[in-house]
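Topology and contacts: notes
As a plain string of letters, each chain reads:
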Amino acid sequence: MIINKLRQIPEFERVRFVREFTNQYAETPVSGFLAAVIVKSTELTESYLGGESPDGRGDLYTAEAEIRIYAPNGKNGSGLSALAGDMLAELRKTDFPGKISGLKAGAIEYDQNMSAVFRRLSFKLEFFVSGEDCDE
Amino acid sequence: MIDKYGNSVVIHSGDNNVNTRAFVEPLRYKNKIYIGGRKHALGMYSSEKYLYIGKPDDRLVEDTSVVECGEDKYIVKRQEIYRVCGEPVYVWAVLTRYRELTEDEYDSDKTSFGYDY
């Protein structure tokens, strides 16, 4: 849902989003902005299945996520930092079920295999899964 | 010798396409460290490397020139001119597999605890 909302924003039309570690071969070399969506961990923070919570019966989860944005090295990663900043700003204000915290953008790094530069946007996401969904 | 025994290749450099001849062969290493693909955040990538020997007039651009040989495509990672007595004799290059454009195919995963990221 977060990524789908980001994709609808005009500033990010030039960004292609992919899931982490797919079985498809990655384009070589990287020819434009590519963003890999990575869920590093998901933790059950609180379980309300047997009790009450402000959101009803269900489980509260905390996920650590990362969006890794790649740009071709040949253009010195032109626009990469601006794109990362814009994406951070959007993640702060995006309206969706859940709470985003710990937003952080890493330094520019170089990936020799892909001949690309990249930055990591990491954040924590708290979301509630209702008891009805768990029963499915 | 390249004209006589080389393979037919097409060198794509930007808008320029050059039909020429060259040798393209897999690099062989004793410890076979280049066998198999590797996982990367953006997907799979091949670590295999290929040796290119071509005519000195056919210049290659690193990370830009694509060498098409038969049904295979390669991207130039490194290229050097081999000279004898100051005269260019051949182009030596290391190539890796060229992979086509990655399409945006992100689908949220609704099976992860009922929440799509």
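Above this text you will find the structure in question.
Residues numbered from 1 in each chain as written. Chains lettered and ligands numbered in written order. Predicted model: local features only at pLDDT ≥ 70, side-chain atom pairs only at ≥ 80, totals over all residues. Heavy atoms only, no water.

1. Quick word on the overall build of chain B
Using the following cut-off: Here a helix means four or more residues in a row that DSSP labels H or I, a strand means two or more in a row labelled E, and each is numbered from the N terminus. Two residues form a contact once any of their heavy atoms are found within 4.5 Å.
If you tally the helices and strands in chain B, you get one helix and eight strands. Going from N to C terminus, chain B has its helices and strands arranged as α-β-β-β-β-β-β-β-β. When contacts within chain B are restricted to residue pairs at least 6 apart in sequence, those whose partners lie at least 24 apart make up 46%.

2. Structural notes on the pairing of strand 2 (residues 33-47) of chain A
The condition is simple: Following DSSP output, two strands are said to pair if at least two bridges run between them.
By the bridge criterion, five bridges tie strand 1 (residues 15-19) of chain A to strand 2 of chain A in an arrangement that is parallel. Residue Val15(A) lies in a different strand from strand 2 of chain A, and its bridge partner there is Phe33(A).

3. Digging into the pattern of salt bridges
Note the following rule: In the sections that follow, a salt bridge refers to a side-chain nitrogen of Lys or Arg positioned within 4 Å of a carboxyl oxygen of Asp or Glu.
Throughout the structure, instances matching the rule amount to nine salt bridges over all chains. Residue Asp72(B) is joined to Arg97(B) by a salt bridge in which the shortest nitrogen-to-oxygen separation is 3.0 Å. Taken together, the residues Asp72(B) in strand 7 (residues 72-84) and Arg97(B) in strand 8 (residues 87-97) connect sequence positions 25 residues apart. Look at the salt bridges and you will find they share partners, linking Lys40(A), Glu66(A), Arg68(A), Glu109(A) and Arg120(A) into a network.

4. Quick word on the environment of Arg120(A)
Residues and elements named next belong to chain A. The condition that has to hold: To sort residues, take the accessible area from a 1.4 Å probe on protein chains only and compare it with the maximum for the residue type: under 20% means buried, over 50% means exposed, and anything in between is partly exposed. Side-chain atoms alone can form a polar contact between residues adjacent in sequence; in general such a contact is a pair of N or O atoms within 3.5 Å, and within protein one must be able to donate a hydrogen while the other accepts it.
Secondary-structure assignment places arginine 120 in strand 6 (residues 116-130). Residue arginine 120 is classed as partly exposed on the basis of its relative accessible area, which comes to 27%. A sequence separation of 14 residues divides arginine 120 from glycine 106, and the C-alpha atoms of the two residues are 5.1 Å apart. Residues contacting arginine 120, with those up to four places away along its chain left out, are Glu66, Ile67, Arg68, Lys104, Ala105, Gly106 and Glu109. A distance of 2.7 Å separates polar atoms of two side chains, one belonging to arginine 120 and the other to glutamate 109.

5. Quick notes on a nonpolar patch on the surface
What counts, and what does not: Each patch is assembled from residues with relative accessible area greater than 30% and no salt bridge, linking like charges that lie within 9 Å and nonpolar side chains (Val, Leu, Ile, Met, Phe, Trp, Tyr) that lie within 5 Å. Methods summary: accessible areas were calculated by the Shrake-Rupley approach with a probe of 1.4 Å, and residue burial reflects only the protein chains presented.
Together, Tyr82(B), Val84(B) and Val89(B) give the surface a local cluster of nonpolar side chains, amounting to about 250 Å² of exposed area. Examined against the element boundaries, Val84(B) turns out to sit in strand 7.

6. Notes on the nonpolar core
Put simply, the rule is: Among buried residues, the Ala, Val, Leu, Ile, Met, Phe, Trp, Tyr and Cys ones that are joined through side-chain atoms within 4.5 Å form a nonpolar core.
If you look at the biggest cluster of nonpolar residues, it comprises 29 residues, and the most contacted ones within it are Leu6(A), Phe17(A), Ile67(A), Ile69(A), Met87(A) and Phe123(A). At the level of secondary structure, the elements contributing two or more residues to this core comprise helix 1 (2-8), strand 1, strand 2, strand 3 (58-72), helix 2 (80-93) and strand 6 of chain A. Apart from residues no more than four positions distant in its own chain, Phe123(A) is found in contact with Ile2(A), Ala63(A), Glu64(A), Ala65(A), Ile67(A), Leu91(A), Ile100(A), Ser101(A), Gly102(A) and Leu103(A). Core analysis: the second largest hydrophobic core is formed by 14 residues, Val67(B), Cys69(B), Tyr74(B) and Val76(B) among them.

7. Details of helix 2 of chain A
All names here are of chain A. Heads up, the rule is: By definition here, a helix of n residues has an expected span of 1.5 Å times n minus one. The arc in question is the one traced by the directions running from the helix axis out to the C-beta atoms.
Over its 14 residues, helix 2 runs 20 Å from end to end, which matches the ideal 20 Å to within 8%, given 1.5 Å per residue. All of the buried residues in helix 2 are Leu80, Leu83, Ala84, Met87, Leu88, Glu90 and Leu91. Looking down the long axis of helix 2, one finds its buried residues gathered within 165° of arc, a one-sided arrangement. The exposed residues of helix 2 that point more than 90 degrees off its buried face are Arg92 and Lys93.

The quantities given are spatial measurements derived from coordinates; they are silent on function.
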